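# Tertiary structure, described
Here is what each chain is made of, one letter per residue.
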Amino acid sequence: MSALRNSVRTGFFGRAFAVLGAANAVSAAVEAGRRPRANDLRELGIDPTSFGQVTR
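The sections below set out a description of the structure shown in this document. Here the residue numbering is sequential within each chain, running from 1 through the sequence in written order. The predicted origin of the model limits local features to residues at a pLDDT of at least 70 and limits the giving and counting of side-chain atom pairs to 80 or more, whereas totals for whole chains, interfaces and linings rest on all residues. Based on all heavy atoms of the structure, the side-chain values leave hydrogens and waters out of the count.

Right, let's get into the overall build of the protein. For the purposes of this entry, the term helix denotes a DSSP run of H or I that reaches at least four residues, the term strand denotes a run of E that reaches at least two, and both are numbered from the N terminus. In terms of helices and strands, the protein carries 4 helices and 0 strands. Each helix and strand of the protein, ordered N terminal to C terminal, gives the series α-α-α-α. Buried positions account for 14% of the 56 residues belonging to the protein. Computed by Shrake-Rupley with a 1.4 Å probe, the accessible areas treat only the displayed protein chains as cover when residues are assessed. Of the roughly 4,500 Å² of accessible surface on the protein, 58% is carried by carbon and sulfur atoms. A simple rule labels every residue: compare its accessible area, found with a 1.4 Å probe on the protein chains alone, to the largest value its type can have, and call it buried under 20%, exposed over 50%, or partly exposed in between.

Before going further, it helps to spend a moment on the pattern of salt bridges. Note on pairing: side chains with opposite charge can pair once their charged atoms come close. For this analysis, a salt bridge means a side-chain nitrogen from Lys or Arg found within 4 Å of a carboxyl oxygen belonging to Asp or Glu. Following the criterion strictly, the structure yields 2 salt bridges and no others. One salt bridge connects Arg15 with Glu43, and the closest N-O pair in it is separated by 2.3 Å. Here the residue Arg15 occupies a position in helix 2 (residues 12-31), and Glu43 occupies one in helix 3 (residues 38-43), the gap between them amounting to 28 residues. When its relative accessible area of 26% is taken as the criterion, Glu43 is described as partly exposed. Residue Asp40 is joined to Arg37 by a salt bridge in which the shortest nitrogen-to-oxygen separation is 3.2 Å. Of the residues examined, Asp40 reaches a relative accessible area of 10% and is grouped as buried.

See the structure below:
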């Protein structure tokens, strides 16, 4: 059972849940007017240093 759990965590489903979680966290931070965490931005493939240069 642990082999199955490890494959889910490191496989497609684990990656999908990580990306969805990061997208949710970044979205909530932007809506609240806060800067998103660098780890969440990296998870989405966004450079954290260039994120601050984006204007509305």
